[in-house]
Amino acid sequence: MYVLGIETSCDETAAALLEKTPQGGFKILSEVVSSQWKAHQPYGGVVPELASREHLDNLPLVVNNVIEDSNIKLEQLGAIGVTRGPGLKGCLLVGYEFAKAISVSRKIPLLGVNHIEGHVLGVMLDNPTLTFPYLCLVVSGGHTEILEVKDVGSVSLMARTIDDAAGETFDKSANLLGFPYPGGAKLAALADDYSSSEFSLPRVMRKSAGFSFSGLKTAISLLVEKHREAMVVDVDLRGRMAFAIQEAIVDALIFKLSQAIKESRATKVAITGGVSANRRLRELVQNINGVKVYFPTLDHCMDNAAMIAYVAAKRVERKEKTDYNTTVISRWPIESV
Ligand code: KG4
Ligand code: ZN
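Just so it is clear, the model here is predicted, and its values are computed rather than measured. (Residues numbered from 1 in each chain as written. Chains lettered and ligands numbered in written order. Predicted model: local features only at pLDDT ≥ 70, side-chain atom pairs only at ≥ 80, totals over all residues. Heavy atoms only, no water.)

Some details on empty space enclosed by the protein
The cut-off we apply is this: The method works on a 1 Å grid over the protein atoms by themselves. A cavity is a set of points holding a 1.4 Å probe that cannot get out, a pocket is an open set with protein on both sides within 12 Å along at least five of seven lines, and residues with an atom within 4 Å of a point line them. Grid points are joined across faces, edges and corners, and a volume is the space filled by probe spheres set on the points. In this text, helices come from DSSP runs of H or I with a minimum length of four residues, and strands from runs of E with a minimum of two, each type numbered from the N-terminal end. Side-chain classes are defined by residue name, with Ala, Val, Leu, Ile, Met, Phe, Trp, Tyr, Cys and Pro counting as nonpolar, Asp, Glu, Lys and Arg as charged, and the others, Gly among them, as polar.
Enumeration according to the criterion identifies three cavities of 30 Å³ or more in this entry. Volume-wise, the second largest cavity comes out at about 50 Å³. Taken together, G118, H119, G122, V123, D126, T272, P296, H300, N304 and M307 make up the full set of residues lining the second largest cavity. No other element matches helix α4 (residues 115-126), which puts five residues into the lining of the second largest cavity. A per-class count over the lining of the second largest cavity returns three nonpolar, six polar and one charged.

Structure (structure tokens):
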């Protein structure tokens, strides 16, 4: 069976063509991710209206690209999976209605997919040996949560951020240090060049169950402001601050993940979302409570459509499909799927 995946929830326009082989395995025939970061960079963050219009321009080309590249015809598709939420409403609508149109015109089943479920189950696509149940830390620009993943459609929440997401904290700190948007990965790359720092940032929320990054963000902002002038003279100062910032964010993630592992007695952990590409996080998590840790491939840490196609394929196996009288859901907690 062939499944087309479409992802337009934020600022990446993505499509993928996935084949479920007769042996029950999965093969990505083609995938494209077209990032809009250049369009949003002058504004220092994603501009929703601009993002929707970029999706309108790019989506037909991106979908056409993966169809042609995989050498299959639309008629051969067994399903179309499309991100239904959570995300920016206008952006989601572009992808959802586009998918619906192909589905109606070619009589192909439509599957509206939760974006976070894409990150959570998509790890299995890259790691065929990973089996249920497992604990999943989703860390992206918009989400930071720890989930118990028992099966397709059976996910419960253990911890979630009560304010900012870890990726957002990376990006906003990067912006303070003078990196253009999206600066999270650039801050991380600079931090990796250093092995110590005279700065120590607060280790927040040790006792409560959820994550919180707003206090840390304020502390980072005060630290950078205090040293703004000195940064001009001392060329290494920015790097030592980046090191301290990365350590504080990664420490918060490791601490809460370790707590959740103890509480759930999990033996397998998956880490997904843009921040799961972080080298320091990958290094420190290896020593965590003796569990086996799984990551997506580096290109699948970020938003992509292969993960959406994979969830759709899994839901087709369960004879599910989404009605045409449905629409997007911009706030859609994973545990309610
Ligand atoms: O999953 P994703 O592509 O989009 C969302 O759904 O948000 O994640 C993007 C986030 C951004 O905040 C970006 O700064 C962060 O992932 N990110 C990183 C790294 N690479 C991407 N954060 C820390 N270290 C990295 N290497
Ligand atoms: Zn995402």
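Once the structure has been displayed, the description carries forward.
Describing the site of ligand 1
Inclusion rule: Whether a residue is near a molecule or strand depends on its heavy atoms: it is near if one of them lies within 4 Å of it. Under this definition, polar contacts are N or O atom pairs within 3.5 Å; protein pairs additionally need one hydrogen-donor-capable and one acceptor-capable atom, and for neighbouring residues in sequence, both atoms have to be side-chain atoms. Only the protein chains shown count as covering a residue, and every accessible area follows the Shrake-Rupley method with a 1.4 Å probe.
As a structural note, the neighbourhood of ligand 1 is formed by 19 residues, with G141, D171, G274, N278 and D303 the closest of them. Within the backbone of G167, one N or O atom sits 3.2 Å away from an oxygen atom of ligand 1. Within the backbone of D303, a nitrogen or oxygen atom sits 3.1 Å from an oxygen atom of ligand 1. When isolated, ligand 1 has an accessible area of 560 Å², and the protein chains bury 86% of it. Along the lines of polarity and charge, the residues of the shell around ligand 1 split into seven nonpolar, 10 polar and two charged.

A few points about unusual backbone geometry
In the segment running from F132 into P133, the intervening peptide bond is cis, with an omega of -5 degrees. Along the chain, the position of P133 falls in the loop between α4 and β6 (134-139). Following Y181, the chain continues to P182 via a peptide bond in cis, the omega torsion being -10 degrees. Within the secondary structure layout, P182 lies in the loop between α5 (166-176) and α6 (184-191).

Remarks on helix α3 (residues 89-106)
Keep this limit in mind: Here the expected length of a helix is defined as 1.5 Å per residue gap, with one fewer gap than residues. Accessibility here uses a 1.4 Å probe with only protein chains present; expressed as a share of the type maximum, an area under 20% marks a residue as buried, one over 50% as exposed, and anything in between as partly exposed. Note on contacts: a residue pair qualifies if any of its non-hydrogen atoms lie within 4.5 Å across the two residues.
Spanning 18 residues, α3 covers 26 Å between terminal C-alpha atoms, matching the ideal 26 Å at 1.5 Å per step. Buried within α3 are the following residues: C91, L92, V94, G95, Y96, A99, K100, I102 and S103. Tucked inside the fold, the buried residues of α3 contact β1 (2-7), α2 (48-70), β4 (77-85) and β5 (110-114).

A closer look at the packing of aromatic side chains
Put simply, the rule is: Aromatic rings from Phe, Tyr and Trp, taking only the six-membered ring of Trp, are treated as a pair when their centres fall within 6.5 Å; an angle between ring planes under 30 degrees marks them as stacked, one over 60 as edge-to-face, and anything in between as tilted. The rule for a charge over a ring is simple: NZ of Lys or CZ of Arg within 6 Å of the ring centre, and within 35 degrees of the ring normal.
Evaluation of the coordinates by the stated rule reveals three aromatic pairs. Between F26 and Y310, the aromatic rings sit 5.0 Å apart at their centres with planes inclined by 75 degrees, giving edge-to-face as the arrangement. Linking F26 in strand β3 (residues 26-35) with Y310 in helix α12 (residues 306-317), this pair joins segments that are 284 residues apart in sequence. For F26, a relative accessible area of 22% gives the class partly exposed. Considering the side-chain rings of F211 and F213, the 6.2 Å spacing of their centres and the 10 degrees angle between planes classify their relative orientation as stacked. Accessibility assignment for this pair places F211 and F213 in one class, buried. Its guanidinium or amino end placed over the ring of W332, R84 lies 5.7 Å from that ring's centre, counting from NZ or CZ.

Quick notes on the pairing of β6
Rules: Any two strands are treated as partners once DSSP identifies two or more bridges connecting them.
With six of six residues buried, β6 is to be regarded as a mostly interior element. By the alternation rule, side chains of β6 split into Y134, C136 and V138 and L135, L137 and V139, which are all buried. Pairing between β6 and strand β7 (residues 144-151): six bridges, direction antiparallel. Looking at the pairing, V139 lines up with T144 of β7. Hairpin geometry of β6 and β7 is characterised by an intervening segment of four residues between the two adjacent antiparallel strands. Across four bridges, the pairing between β6 and strand β9 (residues 268-272) is parallel. Residue pairing in the sheet places V138 in a bridge with T272 of β9.

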